[in-house]
Every structure is written in C-alpha cells, then in structure tokens.
Amino acid sequence: MPWKTKLQGGNLPAVLILFLLLTLLFFITAVMDVYRTKNLLLNMAESGGKAVLESLEAVARERYDDLSPKTRSLVDPLGDFTDIETKFRAKEKVIERLIDSAKELDRSFKADLPLNDVLKQLANTFFVTGIFFLDPGGSILSGSRSLSDVEKEELNKVTLEQNDVHIELELNDPDASKTHWVGIQREKGAGVIFLMLNQRDLDLLMLRLVYQEVIQEVGRQKGLRYLLVTDGNGRVVAGSGKNSFTDAAQTEQPETFPTLTEPAFSGPRCLRRDQPIMEVCLPMTTGRASDFKGIAGIDITQVRETAQRNMIHVFVFTGIIICSAGIVLLFVYRIQRRHNDRVQDLNRQLAQAQRLSSLGKLAAGVAHEIRNPLNAVSMAVQRIFREFSPDTDKDKKEFSRLVSIVRDEIDRLNRIIETFIEPARIKPGKFKPFFLGDFLAPVVSLARETATPRGIKIIFNAPESCLIVAMDEPRFRQAVWNLLKNAMESISEKGEISVAASGAGSGHAQILISDTGTGIDNDTLKRVLEFEYTTKDKGLGLGLPIAYEIILAHGGQLKITSAKGVGTTARIILPLQSKIGMKEPMA
C-alpha cells in the first residue's frame, strides 16, 4: 500500500516538506553566518593593514621633513646647525644611491654600449631624467635623450680623472628647472657615465630612500606578507617581503624597481585568487608626490582556514540534523503507520462486529421462527411412533430406526438453533464476578481429557488471584471452549497448547491461548470471525463467530494472530471487576 494512503491524508509529506524547509533555512542562515564571520575577520585584517600603511605614511612624512630642512627662526640659532647637519646627511644618502646606480650601469655594460632605447628605459627605472655614456674625450657615445645646447655646455665643462666622481646637485633648490649632474669615471678609463636629474627626480629619490628605510622598520609585523609603495606609473618605489607582483623579494637596498605586472585595484582592498592574501591600498601623500600608493599584503590563511572549518561544521551539523530528523521521522512514521493500522483494524473489527451482531440477531429471529414448526414436527414424529408403529417385528424395527434418525436430526437442528440464540440471550445484568484462575481451571481440565489421548499437551499458567472478571459463566465457558477446541483441531499430530491469564493494564485482564498447530494464512485470518466461513470439511463456521459474539457481549475484545506453519494465538481482553462496579467474586 502506498505510504500516502497508509497515512490517511498524507500528513508525513507535509511534515517532511516543513522539515526540509526548516533545514534549508538553518543551512542558509548558517552559511550567511559563516560569511559574516569571514567578512568580520577580513575587516579586522583590513583595519590592521590600514593601520600599517598609516603608520608607514606618518613615519615617512616625519623622516622626509627631516631630510628637507626648512628656514628656522633667528631666535633659534642652534636650529641652523641642526638644519645643516640634516641637509648634509640627506645629500650624502642621495649621492651614495646615485653613485651605486651609476656603478651598477657600468658593471652591466662592460663589453658593449647600451642602445639609446635601453638607456631610456633604465632612466625611467632609476628615477633620473637622463643617462649618458661618454668617451674619454667627452663625446657622447650613447644617451637616453637628446641634450639642449645649454645642457651640452654644462656637460663639456666637466672633466674627470681616473676613479674620479663628479657631483653637482643641491637638495630643495628653489629653482625647479635647474639640472643636476652626477658622474663617475668608468673602470680602466673606458669613459664616463653621467646621470642627469631635475628637482622632481631628487624628490622622488629621497622619497624612495625614506620609504625603503621606514618599510624595513614597520614591515616586519606578524601576518604581513609584504609592504609596497608604488608611483602613478605602477613602478614599485620601495618594498619588502615576497610580493604578488614580482618573483623577486625586495631587499633593503634594491638596485632595480619593477613595474606592477597587474593593474592596481581601485578599491581599498582586494583578495588574491592565487594566494591567501588580502591587499590593502591607501594613497601616500608625503612630499611632492601625490600619486603614490601604499600596498600591504595581509596573510589571510587563518581567515580562510577558519571559514573552511566553519563551513565544514555547517555541513556536518546539517547532516546530523538531517540524519537525526530522518530517524525521528522514520520513528514517527512507523508509530503513525502502526496507529493507522490499528485504527483500520479497529474500524474493520467494528464493522465486522456490527455485521455479525446484525446477522446474529437476524439468525436468532429466524431460529426462533424455525423452532416452533420444528417442535410441531418433533411432536408429530412422537405420535407417529406411538400410533402408527407396524405390527411385524421386522417392519417395526425398521420403522423405529427411521423415526430415531428423524428425532436425532430434529435434536441436532434444535442444538444449532440454540447456538444461534445463545449470544442474543446474554444480558449484562446476569453477570457475576469470578476469579479468572478459578474459572479457567475446570475448562482447561476438561480440554486435557480430550487433548491427552491425541498426544496434545496443554500447559496452564495460573493467573494472579486478584484478577476478578464479571461474566455470564456458562456462555463465556462456551466461548473459551470453542477457542480451545479450534486450537486442538489445528494440531494434526503431537503438539502443545498454552493457556495463560494476566493483567493487561488500564483495568483489563487478558487470556492467551496459543497452539503449535498449522497456523492460518493472512487471507483466511481476515475471515475466521465470519459466520459460515470454515476451512474444515464438516465444519459449520459457527464456533469462532459465536465465541467472538459472546466476548463482545462481555465488553471484551478478541484478537487472533497467526503464522503459517508456526501456530496461532487467540488473545481475549476483558475489563476487570472495577470497570463494571461488581464487588463480591464467586468462589
């Protein structure tokens, strides 16, 4: 039978749909909570990255202001000496970096001269206006740009000896158009290398030095993978750590400055897809540079692992909920199915009881009407036997045999009629209390007399003496006898019958009659309580239906269970005396 039909109206599908909706709601809420937690941790990481960049900007601005002395008041004469010292220190760092850059160029191009286009790219990399390679006579062999007449005149004035260095620059010169020169003599007198700078180049170089110095101080925090500063062209001005844009890590004194391999993002943060890194970006406004950006690479490995663990927990808890709810629903389904089966069984029993009651009353009425003419026939047979008996012995003997047969059949019909009428005669007002054990003992003894010769053993488990049941004793004895008789008839050879009585809870007692007979199949079991239904060759199909009617008349129930080839159990449930208000039991 389909389970929807089983559940009469399909309550379980509605509960299942509701459960699935609640589970889905829990899952969605849990996933949203995981993402909220992840975003909270990312926001905390972003705040940490911003704090690092803000600290970098503040320290770099202070250092840059120190490298760019301002005019002090005349009332502070000592300030002039401080400014001079700071100015020389800044100039020394810039010159040292420029000389290192020039020497790096000399080492890179020992054999061949670089092309002009190569020098143009290198000038952009080293943050200078121009790079020029001159021969020992002062002629330009290769350059990153063309020179004006004034610039050529300035360059021709410079003469360098072996291992000599020419420095012509002034930090914070008010003349922004002034050109600054730094040159070194190439190794083995191969010529001269000049670096040409303007004031903006010097400012960027100082910023580069300041940012690189400060990054080494603040860039060693836990969870910070790298720290970069880039200009408006995407060039890495300063940096430290293994960054996501270049394969090489930035060192304390980088000689080259790579360009970003990816475009800078527009928002304050972005998540790297290839690495567990969140990049936080803030503008750097130190000095004259207005297009610098600071980029902090924050390690979010723990954030991702936490989010993954939380997501796994969500799936595990959802699975546990689904499994637990599935078990509960299965348990509820089994209980509901058992309940519905019980309700259907009770409805079937009620319908059968009503049908049997109607048939019983009809049969009792018909039997009563048949009984009157049957009595007349019996009286007529007796008169015929007295008044019309043959004279000869032979004929008289045959006549007497025939009359005897007629009278026996009349008695048999009368007993059948009495059997139909008996249930209708049961009246609750005639009930008397009996100890259940005292009632069953003589019935079992009588059954043993019939069962023992046939090799059938009857086991009687006497009930407690406190079980008192009100009954019409002769009628109820007949019901129990009918059940015992059916149990004995179901055993073809040796077997066993068990009779037991006990309390059934809720103010009821029960009698169990079990046998080890052939058993009853399911189709037959559904019809055993119907009148005139029998599987016996000479049976009338009245024993069990009449027993059932008698038990119903006592306010009880009869339940029969059976398994083919195993045996049958008849369970009689009766209300105890307290249910019907009787007090004194019969001994």
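Keep in mind that what you see is a predicted model, and the values were worked out from it rather than measured. Sequence order sets the numbering: in each chain, residues are counted from 1 along the sequence as written. A pLDDT threshold of at least 70 governs which residues receive local features in this predicted model, and a stricter bar of 80 or more applies before side-chain atom pairs are shown or counted, although totals over entire chains, interfaces and linings include all residues. Side-chain descriptors were evaluated using all non-hydrogen atoms of the structure, hydrogens and water having been removed beforehand.

Caption draft 1: Structural detail: the overall build of the protein chain. Here a strand is any run of E in DSSP of at least two residues, a helix any run of H or I of at least four, and the numbering for each starts at the N terminus. The secondary structure content of the protein chain amounts to 12 helices and 17 strands. Whether two residues touch is decided by their heavy atoms; if any such pair falls within 4.5 Å, the residues are in contact. Considering only contacts in the protein chain between residues 6 or more positions apart, those separated by 24 or more positions represent 66%.

Caption draft 2: Seen up close, the environment of Arg 407. Checked against the element boundaries, Arg 407 lands in helix 8 (residues 393-425). A relative accessible area of 37% places Arg 407 in the partly exposed class. Distance in space between the C-alpha atoms of Arg 407 and Gln 382 is 8.4 Å, their sequence separation being 25 residues. Discounting chain neighbours no more than four positions away, the residues touching Arg 407 are Val 381 and Gln 382. To sort residues, take the accessible area from a 1.4 Å probe on protein chains only and compare it with the maximum for the residue type: under 20% means buried, over 50% means exposed, and anything in between is partly exposed.

Caption draft 3: Highlighting helix 4 (residues 116-125). Inspection of helix 4 places Leu 119, Leu 122 and Ala 123 among the buried residues, and these make up the whole buried set. The buried residues of helix 4 occupy an angular sector of 105° when the element is viewed end-on, so they sit on one face. Within helix 4, the exposed residues directed more than 90 degrees away from the buried face are Asp 117, Lys 120 and Gln 121. Directly beyond the C-terminal end of helix 4, a positive phi value near 60° is found at Phe 127. The arc refers to the directions leading from the helix axis to the C-beta atoms.

Caption draft 4: Quick peek at a nonpolar patch on the surface. Surface patches are defined over residues having more than 30% relative accessible area and no salt bridge, joining like charges when they lie within 9 Å and nonpolar side chains (Val, Leu, Ile, Met, Phe, Trp, Tyr) when within 5 Å. Accessibility throughout is a Shrake-Rupley quantity obtained with a 1.4 Å probe, and a residue counts as covered only by protein chains that appear here. By definition here, a salt bridge exists when the distance from a side-chain nitrogen of Lys or Arg to a carboxyl oxygen of Asp or Glu is within 4 Å. Nonpolar side chains collect at one region of the surface, where Phe 26, Ile 312, Val 316, Phe 317, Ile 320 and Ile 321 lie side by side and expose about 520 Å² of accessible area between them. Per-element accounting of the nonpolar patch gives the leading share, 5 residues, to helix 7 (residues 301-387). Here Phe 317 is to be found in helix 7. Given a relative accessible area of 47%, Phe 317 falls into the partly exposed group.

Caption draft 5: How the structure looks around the packing of helix 9 (residues 436-451) against helix 10 (residues 473-489). Each axis is a line fitted through C-alpha atoms, taken for helices only over the stretch in contact, and angles between the N-to-C directions span 0 to 180 degrees. In the contact formed by helix 9 and helix 10, the axes pass within 10 Å of each other and the chain directions differ by 35°. Of the two possible hands of crossing, helix 9 and helix 10 adopt the one that is right-handed. Along its contact with helix 9, which presents Phe 439, Leu 440, Pro 442, Val 443, Leu 446, Ala 447, Thr 450 and Ala 451, the element helix 10 presents Glu 473, Phe 476, Arg 477, Val 480, Trp 481, Leu 484 and Met 488. Taken together, the residues that form the contact of helix 9 with helix 10 break down as 12 nonpolar, 1 polar and 2 charged. A crossing counts as left-handed when the near helix is turned anticlockwise from the far one by less than a right angle, and as right-handed when that turn is clockwise. All amino acids are sorted into three groups, where Ala, Val, Leu, Ile, Met, Phe, Trp, Tyr, Cys and Pro are nonpolar, Asp, Glu, Lys and Arg are charged, and the leftover types, Gly among them, are polar.

Such coordinate-based values are descriptive only and should not be taken to indicate function.
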